Number of protein chains: 2
Amino acid sequence: MAAEDRRVRRTKRLLRDALVALVLERGYGAVTVEDITERADLSRATFYGHYTDKDDLFGQIVADLIAELNERLRPLVTDSSAGFTGKPVLEMFRHAAEERDVYRVILRGEGDGRALREFMDDRSEVVARIFRKRADAHGVTPRIDVDVLARAWVGEQISVLRWWIESDPPVLPLEDVTHMLLDLSLRGRYWANGFDGPPPGA
Amino acid sequence: MAAEDRRVRRTKRLLRDALVALVLERGYGAVTVEDITERADLSRATFYGHYTDKDDLFGQIVADLIAELNERLRPLVTDSSAGFTGKPVLEMFRHAAEERDVYRVILRGEGDGRALREFMDDRSEVVARIFRKRADAHGVTPRIDVDVLARAWVGEQISVLRWWIESDPPVLPLEDVTHMLLDLSLRGRYWANGFDGPPPGA
DNA sequence: CTGTTATTGGACACGATGTATGGAACTGGT
DNA sequence: ACCAGTTCCATACATCGTGTCCAATAACAG
C-alpha cells in the first residue's frame, strides 16, 4: 500500500486550506465544522473520519508547520557554536512569507493561543539551548539569565514578524526588517534610535 | 441615584472572578456561560442581563485592565522627553504581579488572542508615540524604523513578562527581571551574554 | 415604607456537535 | 479491465450550549 490514499491527501489538504481561510475571515471561534466542510466541498461525516474536532485539525496544521520550520532551520544552526550570523531569523521570515496565511492565523493567537504558545515555547527552547551551548563553548557565564535572554529575543522576533506579516502591502523588504531586528538585538537601542545615548562603556 | 446598585457590583465581580478562574483551569473555549454562572452562584438569566455573551464579559475585563494599567503608567511617562528611566516597565510588572490571574489569562492568548492583540497593540502604540516624541525633542531620526523599534521592545517585555508571571514559584525577583530586560534592551546582547562580542564601535 | 430595579427558575426554539448507518464512488494492484 | 478494500456521501439521531422571554420574588435607594 502507498503511504496514503490520494483521496485522503486531497481531503486533508482541502480541510486544511478551508480552515485557514475561514479563520482569517471570521476568527477561529466563529468557524464551525460545517463551515469548513462546506468550504472544502466535503461531507461533514468525512471530517470526523479524519479528525476528532476543529482543535484536532488545527493542532495538526500547527504541528506540521513547526516541524517544517525546524527542518529548514536545522542546517543553519548546527554549526552555530561560532558567532551570530542571523541566518535563522532570515530563514524564518522567508518561511513565514511563503506560508503567510497559516502564520497569520497562528501569530494572531487564534484557537485560544495554544498554537502561538506552542510556537513561541518551541522557539524559546531551541534558542535557549543554542545560547547555553555557545556560552559553554566560550567558557563564559552570560551576565543576563539565559532564559530571559532567549524569551526576550524570541519575543522581539515574533512581535516584529507578526507586525510585518500582517502589513499589506509590505512596509519593508524582508532583508531590511531582519537586518534591523538583528542589529537592534545585538547592539541595543542605545545605538538604534539616537536619543537614548551610547552605552556607558563606549 | 448612586453610580451602581450594590447587587450589580457584586454580580459583575462574581462573574468576572468566575470567568478568570475557570479559564485558568480549563481554557477559554471549554468554559460555558452556565459554568460561569454556576461557579459564581448566580442564575444564567442574570448573566444575560449584564452581558450579551462570554466574549462581551471577557472584553470588558480586558478593557478595564488596560485602562487601569494606562492610568498607573500615565504619570510616569508624561515627562518622558528626558532620558529612559525604565519606570514604566517596573510599574507594569508590578501591576501584573497584583493582577496575576487576569494577566495570565490575557498573556496566554485566551479568547482567540483578541485580548493579547489588543493589549500589545495598545502598548506598541503608546511606546511608538513616546519614541517619536523623544526623537523630535532631540531633533534626530532614529537609525531603525520607529515602528519596528516599538514592536520589538514591547515584544521583549510581553514575552519575558509572560514567562515570569507563569513561573511558580517565582524564579526571579521583580526588580531583577525588569533590570535585565532594560539592560538588554538598551545595550543589546553584545554586552549581555559574553560571547557575541562587543559592538563594532567599542 | 415605597417605588424601582435586580435576580430567579423555568420554558422555548435554534444551531452545532459527535456518532452511526448503508450504499455509492474511488483507489491501488493484479 | 477487473476486484477487493477504502474512502466518501447523505441522512438521521441524541445531546448540549445558546440567547431570549416571562412572571414571581428579593433586594435596593431614598
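Further up the page is the structure itself.
Residues numbered from 1 in each chain as written. Chains lettered and ligands numbered in written order. Predicted model: local features only at pLDDT ≥ 70, side-chain atom pairs only at ≥ 80, totals over all residues.

### Concerning the overall build of chain A
Working step 1: Helix and strand content of chain A: 10 helices and 0 strands.
Working step 2: Its C-alpha atoms put chain A at 65 × 40 × 25 Å along the principal axes.
Working step 3: A total of 202 residues make up chain A; the buried ones form 40% of that total.
Working step 4: Sequence separation of 24 or more characterises 56% of the internal contacts of chain A that already satisfy a separation of 6 or more. (Helix = DSSP H or I, 4+ residues; strand = E, 2+ residues; numbered from the N terminus. Buried ≥ 20, exposed ≤ 12 C-beta atoms within 10 Å, placed from the backbone. Contact = placed C-beta atoms within 7 Å.)

### As for the interface of chain B and chain A
Working step 1: Contact with chain B, which involves 54 residues of that partner, is made by 55 residues of chain A.
Working step 2: Elements with a minimum of two residues in the side of chain B that touches chain A: α7 (114-138), α8 (146-166) and α9 (174-187) of chain B.
Working step 3: It is α8 of chain B that provides the largest number of residues to the side of chain B that touches chain A, a total of 12 residues.
Working step 4: Counted by class, the side of chain B that touches chain A contains 27 nonpolar, 13 polar and 14 charged residues. (Nonpolar A, V, L, I, M, F, W, Y, C, P; charged D, E, K, R; others polar.)

### Remarks on the protein's contact with DNA strand C
Working step 1: Close to DNA strand C lie 21 residues, the nearest being Asp53 of chain A together with Thr11, Ser43, Ala45 and Thr46 of chain B.
Working step 2: Here the surface near DNA strand C is built from residues that sort into 8 nonpolar, 5 polar and 8 charged. (Near = placed C-beta within 6 Å.)

### Side note on the relation of the copies chain B and chain A
Working step 1: Laying chain B over chain A is done by rotating through 180° and shifting 0.0 Å along the axis; what remains is an RMSD of 0.0 Å. Classification of the inter-copy transformation places it as that of a two-fold axis. Using C-alpha coordinates, one finds that chain B approaches the rotation axis most closely at Gly188 of chain B, a distance of 1.8 Å. (Least-squares fit on C-alpha atoms with pLDDT ≥ 70 in both.)

### A look at unusual backbone geometry
Working step 1: Going from Asp168 of chain A to Pro169 of chain A, the amide bond is cis rather than trans, its omega being 5°.
Working step 2: Mapped onto the secondary structure, Pro169 of chain A falls in the loop between α8 (146-166) and α9 (174-187).
Working step 3: Here the phi dihedral of Asp112 of chain A falls at roughly 60°; this positive angle occurs in a residue that is not glycine.
Working step 4: Position of Asp112 of chain A among the secondary structure elements: in the loop between α6 (100-107) and α7 (114-138).
Working step 5: You will see that Asp41 of chain B, though not glycine, has its phi angle at about 60°, which is positive.

### Observations concerning the protein's contact with DNA strand D
Working step 1: Near DNA strand D, the surroundings consist of 23 residues, among which Thr11 and Ala45 of chain A together with Thr32, Val33 and Asp53 of chain B are the closest.
Working step 2: Take the surface near DNA strand D: its biggest share by element is 4 residues, from helix α3 (residues 44-50) of chain A.

### Considering the environment of Leu15 of chain B
Residues and elements named next belong to chain B.
Working step 1: For Leu15, the position within the fold is in helix α1 (residues 6-26).
Working step 2: Residue class for Leu15 comes out buried when judged on the 23 C-beta atoms lying within 10 Å of it.
Working step 3: It is 8.2 Å that separates the C-alpha atoms of Leu15 and Leu57, two residues lying 42 residues apart in sequence.
Working step 4: Not counting chain neighbours up to four residues away, the residues in contact with Leu15 comprise Ile36, Ala40, Phe47 and Leu57.

### Brief notes about the nonpolar core
Working step 1: Counting 102 residues, the largest nonpolar core has Leu19, Ile106 and Leu149 of chain A together with Leu19, Ile106 and Leu149 of chain B as its most contacted members.
Working step 2: Excluding residues within four positions of it along the chain, Leu19 of chain A makes contact with Val31, Ile36, Leu57 and Phe58 of chain A. (Core = buried A, V, L, I, M, F, W, Y, C linked by C-beta atoms within 7 Å.)

### A few points about the packing of helix α4 (residues 54-77) of chain A against α7 of chain A
Residue and element names in this part refer to chain A.
Working step 1: Between α4 and α7, the shortest axis-to-axis distance is 10 Å and the interhelical angle comes to 20°. With respect to α7, the axis of α4 lies roughly parallel. Here α4 runs over α7; the crossing is right-handed. The residues of α7 that touch α4, namely those facing Phe58, Val62, Ile66 and Val77, are Ala115, Glu118, Phe119, Asp122 and Ile130.
Working step 2: Here the contact of α4 with α7 is built from residues that sort into 7 nonpolar, no polar and 2 charged. (Axes fitted to C-alpha atoms, helices over the stretch in contact; angles between N-to-C directions. Parallel < 35°, antiparallel > 145°, perpendicular 65-115°, else oblique. Left-handed = near helix turned anticlockwise from the far one by under 90°.)

### Focus on helix α1 (residues 6-26) of chain A
Residue and element names in this part refer to chain A.
Working step 1: For α1, built from 21 residues, the straight-helix expectation of 30 Å at 1.5 Å per residue is met to within 8% by its first-to-last C-alpha distance of 30 Å.
Working step 2: Within the span of α1, buried status applies to Leu15, Ala18, Leu19, Val20, Leu22 and Val23.
Working step 3: Along its buried surface, α1 packs onto α2 (33-40), α3, α4 and α6. (Expected span 1.5 Å × (residues − 1).)

### Concerning the packing of α4 of chain A against helix α5 (residues 87-98) of chain A
Residue and element names in this part refer to chain A.
Working step 1: At a closest axis distance of 9 Å, the pairing of α4 and α5 adopts a crossing angle of 160°. For the element pair α4 / α5, the angle class is roughly antiparallel. Crossing of α4 over α5 shows right-handed handedness. Contact residues: α4 offers Leu69, Arg72, Leu73, Leu76 and Val77, while α5 offers Lys87, Pro88, Glu91, Met92 and His95.
Working step 2: Per-class residue counts for the contact of α4 with α5 are 6 nonpolar, 1 polar and 3 charged.

### Some details on the environment of Asp196 of chain A
Working step 1: Note that Asp196 of chain A resides in the segment after α10 (189-192).
Working step 2: Overall, Asp196 of chain A belongs to the buried group, with 20 C-beta atoms counted inside 10 Å.
Working step 3: Along the sequence, Asp196 of chain A and Thr37 of chain A sit 159 residues apart, while their C-alpha atoms lie 54 Å from each other.
Working step 4: For Asp196 of chain A, the contacting residues outside a window of four places in its chain are Arg189 and Tyr190 of chain A together with Phe84 and Leu186 of chain B.

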